[in-house]
Amino acid sequence: VGAATNAGGTFLLPPLVPGAYQVRISHVAYHTWSGTVLVGPGSNATTAVSLEPRTVPVQPIVVDGATGRLLSHELSAPDVRVSERDIESGGVYRAAATMNGIRTNDATADLYIDGASPSEMQLRLDGAPVYLPRHSIGIIGPFSSLALGTLTVHRAGYGVRPGSLIAGVAEAEHNLSSPWSHVQADPGGINGRIKYGRPGRDRLQVMAAARVDTWGRSTPGGFGEALSAWSVADPFLLVAPTGLYQYATEEFVSDTLGLQTAIRPTVEYSDVHVAFDYHPSLLRSLSGSVYWGRQGLEGGRTTGATSFDVPPLNARSPAFSRIDDYAWQNLTGQLTFGSFVGRRTRVELQLLGSTYVMDHGYDLVDNLQLPVDLVESGALANFSVASLGVQDQNRMESAALRLTLDHVRGVHQLEAGIESRVQYSSSALRSYSAEDAQVDVGSPTREVSLASTNGVYETSAAQTSVYVEDKITLAPSTTVTGGLRTTYLAAHKRFFAEPRLALDYNGSSTGDEPNTWAARIAAGVYRQYDVQTDLSVLNAGSLLPSVRLWMPVDESIRPPLAYHAAAYLAHVPAQGWKVATNLFARLYEDVPVFDYHEGVFDSGSAQVDFLAPANGKSIGGDIELRRYTQTASLAVKYSYLYSSRQSDALFGGKSVSQPDVEPHRVSVEGLLRPHTNVVIRARWFRGWDRRWAFTRAYYDYFGHDEALRQHLDVNLGDPDAHRLPAQQSLDVGAGLTHRVGPISADLRIDVVNVLDRRNVASKRLLYYDDTLVSVARPMLPRITTLTARISWLIN
């Protein structure tokens, strides 16, 4: 007999008559164990099994969705837990970037799924949402990688259990399955993990991990240089509404304003993870986890004690920061009780909580007036400036109670759940409306007044979701999974239904012949009940291009809607070869975007006052050819992606492509393990045809207004006309492991962008020789990192 497991891998064998039973246990990356278990009358039988590891090259990121959870690991991306050693191979987000459909941008990194905006997905830890202004800062992720076991990315066509997000869900889980403890030093900081208890042997297992930065003492210089180049001052934002482009120079920033053009921001982070799993009996479990994280990005542009004696004039311009500091904290936790009810049913009750606070403090140049004639003004005698301290903030709190049930009967594997959630959100920030810009051209000085509002918005919400899913085995090779998720929103006083359906085929095998074909098709309806909108920062000295606001949907707007369709096909023509293709399409309705044209964010606002609905679509696909053996693997991939959005409030109602989308990408990835203790990795990629070449704030604050779009030869109302050059990079890494008894030593070296390619992240505009020219903001240069780790086992 065998046993079907739930999503967490828990299973129960039916009652057995007394006697001796042959048991076989297998797990990916371990040799199969066989043995005998004796079952006595009226008693339970237990045994402790230690599996011997074996080398199997696998990806450290689990992708669930269009690729499915197919039966043959040769034909699909397997949904398995892998050790923190694999996740640490370059970090979670750099590893995620190697997966089909998953992209991370650079310097101020974020996570993208199939061309969707980061605001259309959600990151979770053990089921609890983790709210972040950016999913990552460069090569630094939000979590200690030593604390994580898996990261599962649910793409187009995912089932009803992960929830309601119109693009996808990234689920991270704490690692309690590994018995190892670690202390690690890398260029980012000090990272440690301690583990008590052995799986299958101890009733109680506890894991604690912590991380702290060592910025400025060991951080690779190239990474600091990239952040400095990314955050270089942008005087064009300061003077664009006046038309006085002669001030859009770095000399104006440094000589006249007395501020640094380029700075080296300081990155700060620390976090603590604690997780436990307790089994008071064979059929019951109690588990929980807590995560606290603090991250920040600080920068200051003042070169000295700068003062201006000229009295301030009554004129306003876009912001310019002398200081620019970001700080955010996350606290999440969950407690789960699980128990079997009868022989075929398992029930879990989970309590979840999450709190997020982000503060953005900066000095705003509130008054500025510029002479029309730069030459006649001499030393800018008519120039005046006065600063204003500003503190933006966003807070998001969430608590939920979830009950799930897993039941297996015959060909049916049923899962059902109910979740009640309450949320609170508050935002306080200064916003600008470019539509209200007024430029006075009737005097020797030209002044621009951009109407600004210091608004406070808060809202609370309650929702209840119920879902049911049935996975039916129609034949040994075919399963169909149908599900329905229904959510009641108290603000709207109505239910929203999300039906989803998937069909999986895994070519049946006979005897020793392996499966050679696998396929999956999936479709569904997806809603989203949390608004996540990125507000571009109109600040000529801002370190980050945008600030993300989180808030639950209020009664004034419709929850965004998406229709998914996805297909997957894989074939193994011969042992050690695999070819696979993945296709998807999404149609979007009522996706909320910030209305830069006339949005008003103040204390009396509803979301309809500053958010506008957008429609759109995303289509794409990829094809992969892989060759693998026990000691090596080589994969060649090509992906295509098109994603667009249209809103009556943006760009005059014209449909435009989605920012940060790379339509074409080809990559080659290789892994070689010449010895059991040595691994060598290499990855090369080339991507091209990216649009939205200039800083995002250019388009958001000037592109939607016909009077502000044209700046000499540059039309900011057509972002698709501005293309970035192709980018490519070769990354290599090597790791060495040496184990003596219960102690293991690891040494790893990674080189990002070995060829030191000057890839371009975006462009800004400066004034040279009577015209506006574009200047590149580069991506990461060549960066070499060295990581050392000592690991030990506690018996």
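What counts and what doesn't
Residues numbered from 1 in each chain as written. Predicted model: local features only at pLDDT ≥ 70, side-chain atom pairs only at ≥ 80, totals over all residues. Heavy atoms only, no water. Helix = DSSP H or I, 4+ residues; strand = E, 2+ residues; numbered from the N terminus. Buried < 20%, exposed > 50% of the residue type's maximum accessible area, 1.4 Å probe, protein only. Contact = heavy atoms within 4.5 Å. Areas by Shrake-Rupley, 256 points an atom, 1.4 Å probe, with all protein chains shown as cover. Salt bridge = Lys/Arg side-chain N within 4 Å of Asp/Glu carboxyl O. Core = buried A, V, L, I, M, F, W, Y, C linked by side-chain atoms within 4.5 Å. Lys, Arg positive; Asp, Glu negative; His and termini not counted. Polar contact = N/O pair within 3.5 Å; in protein donor to acceptor, adjacent residues only side chain to side chain. pLDDT = per-residue confidence, 0-100. Pairing = 2+ DSSP bridges. Phe/Tyr/Trp six-rings, centres within 6.5 Å; stacked < 30°, edge-to-face > 60°. Lys NZ or Arg CZ within 6 Å of the ring centre and 35° of its normal. Patch = residues over 30% accessible without salt bridge, like charges linked within 9 Å, V, L, I, M, F, W, Y side chains within 5 Å.

Student: With reference to specific residues and values, describe the overall build of the chain.
Tutor: In terms of regular secondary structure, the chain is built from 7 helices and 38 strands. A buried classification covers 55% of the 795 residues belonging to the chain. Long-range contacts, defined here as pairs at least 24 residues apart, represent 69% of the contacts in the chain between residues at least 6 apart. Put simply, the chain shows about 32,600 Å² of open surface, and 56% of that area lies on carbon and sulfur atoms.

Student: Give me the pattern of salt bridges: which residues, what numbers.
Tutor: This model, assessed by the stated rule, comprises 23 salt bridges. A salt bridge links Arg 748 to Asp 750; its shortest N-O distance comes to 2.8 Å. In this pair, the class of Arg 748 matches that of Asp 750, namely buried. A single salt-bridge network, built from bridges that share partners, covers Arg 124, Arg 161 and Glu 171.

Student: Which residues make up the nonpolar core, and what are the values?
Tutor: Among the nonpolar cores identified, the biggest contains 75 residues, and Phe 143, Phe 236, Phe 702 and Leu 716 are the most heavily contacted of them. It is helix H7 (residues 696-702) that contributes the most residues to this core, 5 residues altogether.

Student: Before we move on, could you go through the side chain of Arg 777 and cite the residues and values that matter?
Tutor: With respect to the helices and strands, the residue Arg 777 is situated in strand E37 (residues 771-778). Within the buried set, Arg 777 has no salt-bridge partner at all; the shortest N-O distance to an opposite charge, 4.0 Å, is to Asp 234. Of the polar contacts made by the side chain of Arg 777, one reaches the backbone oxygen of Val 232; its length is 3.3 Å. Once you skip the residues sitting within four places of it in the chain, Arg 777 turns out to touch Ala 229, Trp 230, Val 232, Asp 234, Thr 695, Asn 759, Val 760, Ala 761, Ser 762, Lys 763 and Arg 764.

Student: Give me the confidence of the model for the chain: which residues, what numbers.
Tutor: Of the residues in the chain, 77% reach a pLDDT of 70 or more, and the chain-wide mean stands at 79. Here helix H1 (residues 84-87) is the element of the chain with the lowest mean pLDDT, 42, and strand E20 (residues 478-489) is the one with the highest, 95.

Student: Any chance you could break down the pairing of E37 for me, citing the residues and the numbers?
Tutor: Bridging between strand E36 (residues 760-768) and E37 involves 8 bridges; their strand directions are antiparallel. Bridge assignment links Tyr 768 to a residue of E37, and that residue is Thr 771. Joining the antiparallel neighbours E36 and E37 is a turn of 2 residues, in which Asp 769 adopts a positive phi near 50°.

Student: Go over the packing of aromatic side chains with me, naming the residues and quoting the values.
Tutor: Enumeration over the complete set of coordinates arrives at 17 aromatic pairs. Each ring, one from Tyr 596 and one from Tyr 701, has its centre 5.1 Å from the other, and the planes form 75°; the classification is edge-to-face. Residue Tyr 596 is found in the loop between strand E26 (577-594) and helix H6 (607-610), and its partner Tyr 701 is found in helix H7; the two are separated by 105 residues along the sequence. Relative accessible area serves as the criterion here: at 4%, Tyr 596 is assigned to the buried category. Ring pairing ties together the aromatic residues Phe 236, Tyr 245, Phe 651, Trp 692, Phe 694, Tyr 698, Tyr 699 and Phe 702, which thus form one cluster. The aromatic ring of Phe 340 is capped on one face by Arg 346, whose charged end is 5.5 Å from the ring centroid. One residue, Arg 665, lies across the ring of Phe 685, its end atom 4.1 Å from the ring centre.

Student: Before we move on, could you go through the pairing of E26 and cite the residues and values that matter?
Tutor: Looking down a regular strand, the side chains alternate between one sheet face and the other. Taken together, the 11 bridges between strand E25 (residues 561-571) and E26 define a ladder with antiparallel strand orientation. Within E26, the position partnered with Ala 567 by the bridge is Leu 583. Between E25 and E26, which pair antiparallel and follow one another directly, the connecting turn spans 5 residues, one of which, Gly 576, has a positive phi of 90°. Of the pairings in the sheet, the one linking E26 to strand E27 (residues 611-628) comprises 16 bridges and is antiparallel in character. If you follow Leu 587 over to E27, its bridge partner there is Lys 617.

Student: So what about unusual backbone geometry? Which residues, and what values?
Tutor: Even without a glycine there, the phi angle at Phe 651 is positive, about 50°. Relative to the helices and strands, Phe 651 is located in the loop between strand E28 (632-646) and strand E29 (656-657). Non-glycine residue Asp 770 carries a positive phi angle of around 65°. Relative to the helices and strands, Asp 770 resides in the loop between E36 and E37. We classify Asp 770 as exposed; its relative accessible area is 65%.

Student: Describe the environment of Lys 617, with residues and values.
Tutor: Note that Lys 617 resides in strand E27. Note: C-alpha distance between Lys 617 and Ser 657 (40 residues apart in sequence) is 9.5 Å. Excluding anything up to four places from it in sequence, Lys 617 contacts Arg 586, Leu 587, Tyr 588, Tyr 642, Ser 643, Ser 644 and Arg 645.

Student: I'd like to hear about a nonpolar patch on the surface, residue by residue, with values.
Tutor: A surface patch of nonpolar side chains, about 680 Å² in accessible area, is lined by Leu 335, Phe 337, Leu 349, Leu 351, Leu 401, Leu 403, Ile 418 and Val 466. Elements represented by at least two residues in the nonpolar patch include exactly strand E15 (323-340), strand E16 (345-371) and strand E17 (384-409). Along the chain, the position of Leu 351 falls in strand E16.

Student: So what's going on with the environment of Asp 202? Which residues, and what values?
Tutor: Here Asp 202 shows up in the loop between strand E11 (189-196) and strand E12 (204-213). Note on Asp 202: relative accessible area 33%, which makes it partly exposed. For the pair formed by Asp 202 and Asp 277, sequence separation is 75 residues and the distance between their alpha carbons is 9.9 Å.

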